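Each chain, written out:
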Amino acid sequence: MKLEPGLSSDPQLQFMLATEKEFEEILAMSKGIYGGLDYLPSRYHAWIREPNRTVVLAKKNGQVIGLQSVCVVDAGETALVEGLRVAPWERGKGVAGVLQRFCTELVKEQHPGVKVSRLTRDDKLGPKDFKKYRLITKQGILLVRFNAAELLARLDAAVAQLRAGGFQLLPTESLEPGEVRGLVLSPTFQSEVLPNRTIIQDWQPYKPSEPNLALLQQKQLHWVVDCKARPTAASLCTQPFPIPLGEDWVYLNIDAFGCHPAHLKSQLLHHLRARLPALRGNVMCQLFLEPSLWGELAEFCRAGLRLELAKGYTEQYLLEADI
């Protein structure tokens, strides 16, 4: 479906709704993005079918040069902006700004109830960014890599050695799908555990509400808490998915909430034990957590579990702007 040019001052620039036929072209345009951790190849086909999502392509001379996705969440009040990318040969020419403004106008037309846009970023923010956006919260990003079979074979021994050195493995409890609602809608959990009352699930921010829980339930997430009766720490793990880093590479995302490092270490081990038996090949695992805990958890992964740190400390910023 071809869309009206809208705010573009370039007569060669056209906007279209994404379809299946552009998939290979988008992959070629995105080659190497995010250091081989690109999620789009695994999500694109589902994205273009989601009823509350709009995926817009920018084309120039018939060639795809840009993409942005907007998903409406929070019962129609928030536009979640994701997936922005511009072809390398078109960067620095203002394409991203034009595409963003076009998508904003399109979403406002399609969803009049939308009040704000939200997005997550991991790049360095400058004064211009903070004039445009409000900072809602931020998380530290801990990225580690390992071979699934090798880690599975030695995990029990690694934990035993940690415990011999004084590490205390704390209780963890998995939540059944029917138990998530009561936890997430609890005002105490929202104020004491969630970062600024927000669930950030694999870069996607959600307010803790009934409509958003319905969206999250479709993702088959694995929720873990320290105590179902009164949790002080929680984490959720995605289903692993392949990434372009190589044929045998998968990505595993764990979002951790709370300020208790001992509980989060125990929950990390819980998620690894649950996922490793079904994993094959190599794994890139991103753990998002309270920034002040990054150093301790990084050392736990590096020295305690002998996982390789893929990069140093970086941050995930959750930003919001009025529409």
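About the criteria used
- Within each chain, residue numbers correspond to sequence positions counted from 1 in written order.
- Local features in this predicted model are restricted to residues whose pLDDT is 70 or higher, and side-chain atom pairs enter the listing and the counts only when it is 80 or higher, whereas totals over whole chains, interfaces and linings include all residues.
- Only hydrogens and water are set aside when side-chain values are computed; all heavy atoms of the structure are taken into account.
- Residue burial is assigned from relative accessible area. The probe radius is 1.4 Å, only protein chains are included, and a residue is buried under 20% of its type maximum, exposed over 50%, and partly exposed in between.
- A helix here means a DSSP run of H or I that spans at least four residues, while a strand means a run of E at least two residues long, and both kinds are numbered starting from the N terminus.
- Note on definitions: angles span 0 to 180 degrees between N-to-C directions of axes, and those axes are lines fitted to C-alpha atoms, for helices only across the stretch in contact.
- An angle below 35 degrees is treated as roughly parallel, one above 145 as roughly antiparallel, one from 65 to 115 as roughly perpendicular, and anything else as oblique.
- Here a crossing is taken to be left-handed if its near helix is turned anticlockwise relative to the far helix by less than a right angle, and right-handed if that turn runs clockwise.
- A contact between two residues is defined here by any heavy atoms of the two lying within 4.5 Å.
- Under the convention adopted here, Pro, Cys and the residues Ala, Val, Leu, Ile, Met, Phe, Trp and Tyr are nonpolar, Asp, Glu, Lys and Arg are charged, and Gly plus all remaining residues are polar.
- All domain edges in this entry derive from an automatic or database-based domain assignment.
- Summed over both partners, buried area is the accessible surface (1.4 Å probe) that two parts give up on being assembled.
- Residues belong to one nonpolar core when they are buried, are Ala, Val, Leu, Ile, Met, Phe, Trp, Tyr or Cys, and are joined through side-chain atoms within 4.5 Å.

The name given to the protein chain in an unreviewed UniProt entry is N-acetyltransferase domain-containing protein, with Gopherus agassizii as the source organism.

Draft legend 1. Expanded view of helix H10 (residues 294-304). Buried residues of H10: Trp 294, Leu 297, Ala 298, Phe 300, Cys 301 and Gly 304, and no others. Positive phi shows up at Arg 306, right after H10, with a value of about 55°.

Draft legend 2. Representation of the packing of helix H9 (residues 261-275) against H10 within the structure. Here H9 crosses H10 at 40°, and the two axes come no closer than 10 Å. As judged from the angle between their axes, H9 and H10 are oblique. In terms of crossing hand, the pair formed by H9 and H10 is right-handed. Contact residues: Pro 261, Lys 265, Leu 268 and Leu 269 in H9; Glu 296, Leu 297, Phe 300 and Cys 301 in H10. A class-by-class count of the residues in the contact of H9 with H10 yields six nonpolar, no polar and two charged.

Draft legend 3. Quick look at the domain arrangement of the protein chain. One can read the domain layout of the protein chain as domain 1 (13-114) and domain 2 (138-318). Of note, the centres of domain 1 and domain 2, computed from C-alpha atoms alone, are 28 Å apart. The partner domain 2 presents 15 residues to the 16 residues of domain 1 that form the contact. Note on domain 1 versus domain 2: buried area summed over both sides is about 1300 Å², and carbon and sulfur give 58% of it.

Draft legend 4. Up close: the nonpolar core. With 40 residues, the main nonpolar core has Phe 15, Ile 26, Leu 40, Tyr 44, Val 56, Leu 67 and Ile 243 as its most contacted residues. Tallying contributions element by element places helix H3 (residues 95-110) first for this core, with seven residues. Domain assignment of the residues forming this core places at least three in each of domain 1 (13-114) and domain 2 (138-318). One finds Leu 162, Val 250, Leu 268 and Leu 305 within the second-largest nonpolar core, a separate group that totals 34 residues.

Draft legend 5. A look at the environment of Ala 278. Take Ala 278: it is sitting in the loop between H9 and strand E15 (282-289). For Ala 278, a relative accessible area of 65% gives the class exposed. Put simply, Ala 278 and Lys 311 are 33 residues apart on the chain and 26 Å apart in space, counted from C-alpha to C-alpha.

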